[in-house]
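Chain by chain, the residues:
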Amino acid sequence: MSEALLASGAGTGVTAPAPASGARQFWRRLRTQRAALVAASVVALLVLVALAAPLLTAIEGQDPSTYHPDLIDSGRGGVPIGSFGGISAEHWLGVEPQTGRDLFARLVYGARVSLGVALAATVVQVVLGVGVGIAAGLGNRLVDQVLSRATDVIVAMPLMVLSLALMAIVPSGFPRPVLVALVIGLIAWGGTAKIVRAQTITLKELDYVAAARLSGWSTWRIARRELLPGLAAPVITYAALLVPMNITVEAALSFLGVGVKPPTASWGQMLTAADIWYQAAPQYLLLPAGALFVTVLALTVLGDGVRTALDPRAASRLSIGTGRKREGKA
């Protein structure tokens, strides 16, 4: 409840009950969704692997950039020597065709780049979208019209085409992962802004926001103290669904050759180099593709679980682990 509304009711002798912990309620609802918990465990494991990439590769005794020409058969076009792509005690997942670089090391370091770029791009999208959406929702008619039309233009822009154009003109010396995150974030914030604007228009008509206005609070203070808590649920939900989308965009840009450049490892860049090896060395294609699939699926399921936990009135779009079995018994 608003501080302004509480202040207006001071002296009435009525004591407001202490609100229940929002975080506790959220966790209690999330625990009932087994699919979301499994997805959260998978995401936590992936993040842990990405953070511990130097330690894991040190245990294996390899690194993602060292060439091993003695482990590939140059007479057969660079196919790894040995069965299953050269899997051995020294190379846990085999080696890369033509170069002999360790696949395990490149896979775990690629997780760092892919997850890092997706998370950074999501932060940029959320910050810009929330700022523009609140400004449009609280501003006068002219401000709302200008910002809404600008948002419509951003939403209408083809993300991949514009990203390709921007990535092609930036100097090659600029750090590529940072550039990919900035390009995705600066182009794809329109959806967040639209959601925040619509929610802001709804929230500003409520009594506690009106009480804050009557109390003489500034627009910035109203946005920070009254609107942002109400916007947390839809923004967090949408951000959770943006992360897997951004991972896919990063992989697509790297696959098209304008994203992360060698020798930096990323899953999209690995897929680019593996497209001609799916018959001679299938693990070179299946490993990054499988990692990308599992990550996107886990983040999507987790995002749906977060959405349902934050808004218990909305039924989950997934039928796995959402309690339908209990409803059937009832």
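Scanning the protein for helices and strands turns up 14 helices and 2 strands. Taken over 330 residues, the protein has a buried fraction of 41%. Sequence-distant contacts in the protein: of pairs separated by 6 or more residues, those separated by 24 or more amount to 72%. Counting every atom, the protein has about 17400 Å² of accessible surface; 67% of that belongs to carbon and sulfur.

What follows deals with the confidence of the model for the protein. For the protein, per-residue confidence averages 82 on the pLDDT scale, and 87% of positions sit at 70 or higher. In the predicted structure, residues 1-20 sits below a pLDDT of 50 and forms 15 contacts with residues beyond four places in sequence or in another chain. Below a pLDDT of 50 lies the segment residues 315-330, which in the model reaches 18 contacts outside its immediate sequence neighbourhood of four places, other chains included.

A few words now on the packing of aromatic side chains. Scanning all chains against the criterion turns up 1 aromatic pair. Aromatic side chains Trp92 and Phe104 sit 5.0 Å apart centroid to centroid with 55 degrees between the ring planes, which places their arrangement in the tilted category. Placement of the pair is Trp92 in the loop between strand 2 (79-80) and helix 5 (103-138) and Phe104 in helix 5, with a sequence separation of 12 residues. With a relative accessible area of 36%, Trp92 lands in the partly exposed category. For Arg221, the ring lying beneath its charged end belongs to Trp217, and the centroid distance is 4.1 Å.

The rules behind these values
- Residues numbered from 1 in each chain as written.
- Predicted model: local features only at pLDDT ≥ 70, side-chain atom pairs only at ≥ 80, totals over all residues.
- Heavy atoms only, no water.
- Helix = DSSP H or I, 4+ residues; strand = E, 2+ residues; numbered from the N terminus.
- Buried < 20%, exposed > 50% of the residue type's maximum accessible area, 1.4 Å probe, protein only.
- Contact = heavy atoms within 4.5 Å.
- Areas by Shrake-Rupley, 256 points an atom, 1.4 Å probe, with all protein chains shown as cover.
- pLDDT = per-residue confidence, 0-100.
- Phe/Tyr/Trp six-rings, centres within 6.5 Å; stacked < 30°, edge-to-face > 60°.
- Lys NZ or Arg CZ within 6 Å of the ring centre and 35° of its normal.

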